[in-house]
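Analysis of the macromolecular model
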Amino acid sequence: MTINQNTQQKINKFAKEQSILYLNNAEMTYMEKLRRKAGKNRDKMGQRLSRFKNTSIKSREVQDDMILYMNDYINDLVASGMTEQEAFEKASAELTFSSQTDQSDKLQEQFAQYYATIDPADYEIIGLFYAGFVLLGLTLGALIGFLGGGGVGEFMNAGWIYTLVGIGVGILVGTSFGLLANALLTPSSRK
């Protein structure tokens, strides 16, 4: 039995996509393993490295093998009474690459739990603390800088520099207090 051209194109496209995923997992370089372990720039580096892997002869061999296997499997399914479309869907569902591990499952559960228990009001409160502390620090820093620089009489000479320094220090102090408020509020909101 021969498979029609439309299904054959679907098989070819599926095999190309899946072979890339299988090879990316199987031929991970030392740098990729180190990057995955460190958890930094995973997607960015993966895209750069995949350009080189996906053009290899081995990639083409895996695609060809998958095309042959899928053709045989779909022919068997059609012979057992399925339509070509049903057979293609079943074959592609069974052959789709999966990188599920215990560690990735645990990480996905943690993310799901985090997003299920997240309360937007907590983040609004933290944002208000940041804004309040930064404005308070900005105001106090500007006032202390202005007065420390000599007030109105000295402002135009060199007093404005003291005011700017006071503003900068005030913003840093306000942000620091905002970070402290965040550190104190976040654990209590998780209970």
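Residues numbered from 1 in each chain as written. Predicted model: local features only at pLDDT ≥ 70, side-chain atom pairs only at ≥ 80, totals over all residues. Heavy atoms only, no water.

Considering the side chain of Asn 71
Inspection of the secondary structure assignment puts Asn 71 in helix α4 (residues 57–79). Those residues in contact with Asn 71 that sit more than four places away from it in its chain are Ile 3, Gln 8 and Ile 11. (Helix = DSSP H or I, 4+ residues; strand = E, 2+ residues; numbered from the N terminus. Contact = heavy atoms within 4.5 Å.)

Structural notes on the confidence of the model for the chain
Scored by pLDDT, the chain comes out at a mean of 76, with 74% of its residues at no less than 70. Ranking the helices and strands of the chain by mean pLDDT puts helix α5 (residues 84–95) first, with 85, and helix α2 (residues 30–38) last, with 56. (pLDDT = per-residue confidence, 0-100.)

A short note on the nonpolar core
Formed by 15 residues in total, the largest nonpolar core has its most connected members in Ile 11, Phe 14, Met 70, Ile 74 and Phe 88. Looking at this core, the elements with two or more residues in it are α1 (5–26), α4 and α5. Per element, the largest residue contribution to this core is 7 residues, and it comes from α4. Residues in contact with Ile 74, not counting those within four places in the same chain, are Ile 3, Ile 11, Ala 87, Phe 88 and Ala 91. (Core = buried A, V, L, I, M, F, W, Y, C linked by side-chain atoms within 4.5 Å. Buried < 20%, exposed > 50% of the residue type's maximum accessible area, 1.4 Å probe, protein only.)

Some words on the pattern of salt bridges
Between side chains of opposite charge, a pair can form when the charged atoms approach closely. Enumeration over the complete set of coordinates arrives at 1 salt bridge. When the shortest N-O distance is used, the salt bridge between Lys 90 and Glu 94 registers 4.0 Å. With Lys 90 and Glu 94 both in helix α5, this residue pair falls 4 residues apart, about one helical turn. (Salt bridge = Lys/Arg side-chain N within 4 Å of Asp/Glu carboxyl O.)

So, α5
Counting along an α-helix, one turn takes 3.6 residues, and residues three or four places apart therefore face a common direction. With 12 residues, α5 ought to run about 16 Å at 1.5 Å a step, and its terminal C-alpha atoms sit 16 Å apart, in line with that. Looking at α5, one finds that the buried residues are Glu 84, Ala 87, Phe 88, Ala 91, Ser 92 and Leu 95. One face of α5 carries all of its buried residues, which in axial projection span an arc of 125°. (Expected span 1.5 Å × (residues − 1). Arc of directions from axis to C-beta.)

Topic: the environment of Lys 13
Here Lys 13 lies in helix α1. Overall, the relative accessible area of 56% leaves Lys 13 in the exposed class. Separated by 50 residues in the primary sequence, Lys 13 and Gln 63 have C-alpha atoms spaced 9.2 Å apart.

Describing the packing of aromatic side chains
Enumeration according to the criterion identifies 4 aromatic pairs in this entry. Each ring, one from Phe 129 and one from Phe 133, has its centre 5.9 Å from the other, and the planes form 25°; the classification is stacked. You can see Phe 129 and its partner Phe 133 sitting in helix α7 (residues 120–148), 4 residues apart, about one turn around the helix. Taking the centre distance of 5.6 Å and the plane angle of 35° together, the rings of Phe 133 and Phe 177 count as tilted. With a gap of 44 residues between them, Phe 133 in helix α7 and Phe 177 in helix α8 (residues 151–189) connect regions that are remote in the sequence. Taking relative accessible area as the criterion, Phe 177 reaches 42% and is therefore assigned partly exposed. (Phe/Tyr/Trp six-rings, centres within 6.5 Å; stacked < 30°, edge-to-face > 60°.)

Some remarks on α7
With 29 residues, α7 ought to run about 42 Å at 1.5 Å a step, and its terminal C-alpha atoms sit 41 Å apart, in line with that. Considered for burial, the residues of α7 that qualify are Ile 126, Gly 137, Gly 141 and Gly 145. Looking one or two places after α7, you find Gly 150, whose phi comes out positive at around 110°.

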